[in-house]
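Notes for the structure review
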Amino acid sequence: MSHPEFLEYPEPRYHGDKGEVSAAFRPASTPPDISSPSGSFTHYLATAESTGGEFGLYKMELPGHSAGAKTHFHKGISESFYILSGELELYNGEKWVKGREGDFLYVPVGALHAFKNATDEPMSMLLLFSPGAPREEYFERVAEMSKRGGEELKDFRIRHDSYFVEDFEPEGE
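Rules used throughout
Residues numbered from 1 in each chain as written. Predicted model: local features only at pLDDT ≥ 70, side-chain atom pairs only at ≥ 80, totals over all residues. Heavy atoms only, no water. Core = buried A, V, L, I, M, F, W, Y, C linked by side-chain atoms within 4.5 Å. Buried < 20%, exposed > 50% of the residue type's maximum accessible area, 1.4 Å probe, protein only. Helix = DSSP H or I, 4+ residues; strand = E, 2+ residues; numbered from the N terminus. Contact = heavy atoms within 4.5 Å. Polar contact = N/O pair within 3.5 Å; in protein donor to acceptor, adjacent residues only side chain to side chain. Arc of directions from axis to C-beta.

1. Focus: the nonpolar core
Of all hydrophobic cores here, the largest spans 25 residues; its most connected members are Phe81, Leu88, Phe115, Met125, Leu127 and Phe139. Those elements that provide at least two residues to this core are strand S3 (56–62), strand S5 (78–85), strand S6 (87–91), strand S8 (104–107), strand S10 (123–130), helix H1 (136–148) and helix H2 (150–159). Here this core takes 4 residues from S10, the largest share from any one element. Apart from residues lying up to four places away in sequence, methionine 125 is in contact with Tyr58, Lys59, Met60, Leu62, Phe81, Tyr82, Ile83, Leu84, Leu88 and Phe115.

2. Focus: the environment of glutamate 166
Among the structural elements, glutamate 166 can be located in the segment after strand S11 (163–164). Taking the C-alpha atoms as reference points, glutamate 166 and lysine 70, 96 residues apart in sequence, are found 8.3 Å from one another. When sequence neighbours within four positions are dropped, the list of residues in contact with glutamate 166 reads Lys70 and Arg157. Polar contacts involving the side chain of glutamate 166 include one to the side chain of lysine 70, which spans 3.3 Å.

3. Notes on H2
Buried residues of H2: Leu153, Lys154, Phe156 and Arg157, and no others. End-on view of H2: buried residues confined to an arc of 160°, all on one side of the axis. Exposed residues lying more than 90 degrees from the buried face of H2 are Glu151 and Arg159. Tucked into the core, H2 has its buried residues touching H1 and S11. Immediately beyond the C-terminal end of H2, within one or two residues, lies aspartate 161, with a positive phi of roughly 50°.

Next up, the structure:
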């Protein structure tokens, strides 16, 4: 395989010459950061705060027949899904596809997407947001805000860069 002589990397952000001790380790045994009554769990592996805004990485575990998220898009962040175990129905903006262990879906900024666990079995996945955004409040309060509904839910979603198609459909459709 041939490689170009000049590769373009981002400009350096670290200007030392010996490196530093700043890596963060999170053991697999760390309990989830959020547990819901429905049986879903969310682990904050790397938040925007902990990565200096570079990305956010979360592990999500959904029980069977979890609604997930309806069709929406983001204006400032991309989202990626990597299936660790089980199956997940993913909407790629055009059609629903079945994601299984090892499958990956990249959702660019502005791209329509949705997901749900339509099976009887639990599943787990990694969610990557780039650049990082403060998604923790969204994960912690989305169930509560969904119960409230209406303009309060729509405002909450928009504050968290989540534009749900249903929030912008004309009344009566």
